[in-house]
Amino acid sequence: QVQLAESGGGLVQTGGSLTLSCVSSVNIFEFNNMNWYHQAPGKEREFVASINVGGRIEYTDSVKDRFTVFRDGTKKTLYLQMNSLKPEDTSVYYCRAHTLSMTYWGQGTQVTVSS
């Protein structure tokens, strides 16, 4: 059974930092890739960052100079280091993982950035 559990969200001032974690119930290298998405109230869920099994990393343009995605296989955890946070980063952040045939989502963690 695959489960993903996000944590690390909270309230932070503009310019501050947070690190989000996504703990998997299975070896994360069983996944073809893992991703972070976010969804703000009234908006669709949007791609933020990804890392595939070979280590290729992608970011959406709005975060590419501020966020870093990385993983720890021993801890079965995907991370998103978020620096220089802005109010527009305020969203629920979701972890996604998939193989070629299955996709899994976590329940999300709230990030709120105050002005």
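As shown above, the structure is provided for reference.
Figured I'd write up the structure that's included with this text.

What counts as what
Residues numbered from 1 in each chain as written. Predicted model: local features only at pLDDT ≥ 70, side-chain atom pairs only at ≥ 80, totals over all residues. Heavy atoms only, no water. Core = buried A, V, L, I, M, F, W, Y, C linked by side-chain atoms within 4.5 Å. Buried < 20%, exposed > 50% of the residue type's maximum accessible area, 1.4 Å probe, protein only. Helix = DSSP H or I, 4+ residues; strand = E, 2+ residues; numbered from the N terminus. Contact = heavy atoms within 4.5 Å.

### With respect to the nonpolar core
Point 1. Within the largest apolar cluster, 25 residues are counted, with the highest numbers of intra-cluster contacts made by Met-34, Trp-36, Leu-80, Met-82 and Tyr-93.
Point 2. Those elements giving two or more residues to this core turn out to be strand 3 (18-24), strand 4 (33-39), strand 5 (46-52), strand 7 (67-72), strand 8 (77-82), strand 9 (91-98) and strand 11 (109-114).
Point 3. The contacts of Met-82, once residues within four sequence positions are left out, are Gly-16, Ser-17, Leu-18, Leu-20, Arg-66, Phe-67, Tyr-93 and Val-111.

### Some thoughts on the side chain of Asn-35
Point 1. Within the element layout of this structure, Asn-35 appears in strand 4.
Point 2. Relative accessible area serves as the criterion here: at 2%, Asn-35 is assigned to the buried category.
Point 3. When neighbours within four sequence positions are excluded, Asn-35 is seen to be in contact with Ala-49, Ser-50, Leu-78, Tyr-94, Cys-95, Arg-96 and His-98.

### Thoughts on unusual backbone geometry
Point 1. At Lys-76, a residue that is not glycine, the phi angle is positive and equals roughly 55°.
Point 2. Checked against the element boundaries, Lys-76 lands in the loop between strand 7 and strand 8.
Point 3. Residue Lys-76 is classed as partly exposed on the basis of its relative accessible area of 31%.
Point 4. We note that Ser-84 has phi near 50°; this positive angle belongs to a residue other than glycine.
Point 5. Within the secondary structure, Ser-84 is located in the loop between strand 8 and strand 9.
Point 6. The exposure class assigned to Ser-84 is partly exposed, which follows from its relative accessible area of 40%.

Just geometry here; none of it tells us what the structure is for.
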